[in-house]
Amino acid sequence: MDDDNLNERLSQSMYGSPKVKPDEQRHYLGTFRERVALTLDQGEAQQPQFIDALHKELDQNPEYHLLINGNASETAVDKLTDLSNLVSNPSKVLAGKAAPSDMDALAAVVCTEHTALHLDEVDVAKRFPQA
């Protein structure tokens, strides 16, 4: 075994496999930007018009998943988990390292599991300005 291969194996054993676009995955709650259909920040997740827009988007696209940031405000998490109980789309509440806790962190992300969507606009307030 050559030195480069040995060093790579040791590094992976100690630190795990390297991630592709880790900052992007952290921002979008563990997924890639090209798979995202809609995002809600913490303020938007507490407003009924944006929750309604989110509900409509999930109903129209049964293949979409709802990722909820468990570190968002309690009100936002409650509204989003209530919605996830209403829809038949898969959903997941993320906590720990998977859920960013800073104030600018997203409260929810609607995404596909394996398909790239490449949508230009994913912010709920910009996609549904009169929602």
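Here the structure is shown first, and the text comes after it.
To start, this report covers the structure provided alongside it. (Residues numbered from 1 in each chain as written. Predicted model: local features only at pLDDT ≥ 70, side-chain atom pairs only at ≥ 80, totals over all residues. Heavy atoms only, no water.)

### Looking at the overall build of the protein chain
This is how it is decided: Only DSSP runs of H or I covering at least 4 residues are called helices, and only runs of E covering at least 2 are called strands; the numbering of each starts at the N terminus. Classification of residues uses two cut-offs on accessible area relative to the type maximum, computed with a 1.4 Å probe and protein chains only: under 20% is buried, over 50% is exposed, and between them is partly exposed. Should any heavy atoms of two residues lie within 4.5 Å, those residues are considered in contact. Using a 1.4 Å probe, accessible areas were evaluated by the Shrake-Rupley method; residue-level cover was limited to the displayed protein chains. Neither His nor the chain termini are counted; the positive set is Lys and Arg, and the negative set is Asp and Glu. Throughout, a charge is located at the NZ atom of Lys, the CZ atom of Arg, the CG atom of Asp or the CD atom of Glu.
If you tally the helices and strands in the protein chain, you get five helices and four strands. Mapped in sequence order, the helices and strands of the protein chain form the string α-α-β-α-β-α-β-β-α. The C-alpha extent of the protein chain, read off along each of the three principal axes, is 60 × 30 × 25 Å. Here the protein chain holds 131 residues, and 37% of them are scored as buried. Looking at the protein chain alone, contacts between residues at least 24 apart form 81% of all its contacts between residues at least 6 apart. Accessible surface for the protein chain amounts to roughly 8000 Å². Of this, 48% is attributable to carbon and sulfur atoms. Each charge class in the protein chain can be summarised by its mean position, and for the 12 positive and 22 negative side chains these summaries are 2 Å apart.

### Some remarks on the environment of T31
With respect to the helices and strands, the residue T31 is situated in the loop between α2 (22–27) and β1 (36–41). T31 sits in the buried class, given a relative accessible area of 5%. With ten residues separating them in the primary sequence, T31 and K21 have C-alpha atoms 9.6 Å apart. Every residue in contact with T31, bar those within four places of it in the chain, is listed here: E24, Q25, V36, L67, V109, C111 and T112.

### As for the nonpolar core
Worth spelling out the cut-off: Among buried residues, those of type Ala, Val, Leu, Ile, Met, Phe, Trp, Tyr and Cys that are joined through side-chain atoms within 4.5 Å constitute a nonpolar core.
With 23 residues, the main nonpolar core has L40, L54, L58, L66, L80, V110 and V124 as its most contacted residues. If you list the elements that add at least two residues to this core, you get β1, α3 (48–60), β2 (65–69), α4 (74–86) and β4 (106–111). Here the element with the most residues in this core is α3; it accounts for five residues. Contacts of V110, omitting those with residues within four sequence positions, involve R35, V36, A37, L38, L54, L58, Y64, H65 and L66.

### A closer look at a negative patch on the surface
For the record, the criterion: Patch membership requires more than 30% relative accessible area and the absence of a salt bridge. Residues of like charge join within 9 Å; the nonpolar side chains Val, Leu, Ile, Met, Phe, Trp and Tyr join within 5 Å. When a carboxyl oxygen of Asp or Glu is within 4 Å of a side-chain nitrogen of Lys or Arg, the pair counts as a salt bridge.
A cluster of acidic side chains, namely D2, D3, D4 and E8, defines a negative patch on the protein surface. Positionally, D4 belongs in helix α1 (residues 3–15).

### Re the layout of surface pockets
For clarity, the cut-off: The pocket and cavity definitions rest on a 1 Å grid over protein atoms only: a 1.4 Å probe that fits but cannot leave marks a cavity, an open set with protein on both sides within 12 Å along at least five of seven lines marks a pocket, and residues lining either have an atom within 4 Å of a point. Grid points are joined across faces, edges and corners, and a volume is the space filled by probe spheres set on the points. Each residue gets one of three labels, nonpolar for Ala, Val, Leu, Ile, Met, Phe, Trp, Tyr, Cys and Pro, charged for Asp, Glu, Lys and Arg, and polar for the others, Gly among them.
Taken as a whole, the largest pocket spans an internal volume of roughly 410 Å³. As for the largest pocket, its lining consists of 20 residues, and the residues nearest its centre are L29, G30, T31, L67 and L94. Mapped onto the lining of the largest pocket, the elements with two or more residues apiece are α2, β2 and β3 (91–94). Across the lining of the largest pocket, the residue classes tally to eight nonpolar, six polar and six charged.

### Notes on the sheet that holds β3
Rules: At least two bridges found by DSSP between two strands is the condition for calling them paired. Interaxial angle, 0 to 180 degrees, is taken between N-to-C directions of lines fitted to C-alpha atoms, where a helix line uses only the stretch in contact.
An order of β1-β4-β2-β3 is seen for the four strands of this open sheet, with the pairing classed as mixed. The outermost strands of the open sheet, each flanked by one partner alone, are β1 and β3. Taken pair by pair, the neighbouring strands of this sheet meet at an average axis angle of 15°, ignoring direction. Two strands pair when backbone bridges link them, and β2 and β3 are joined in this way by four bridges, in the parallel orientation. In the sheet register, L66 faces β3, and the bridge partner there is S91. Set on the sheet, α4 makes contact with β2, β3 and β4; between it and β2 the angle comes to about 160°.

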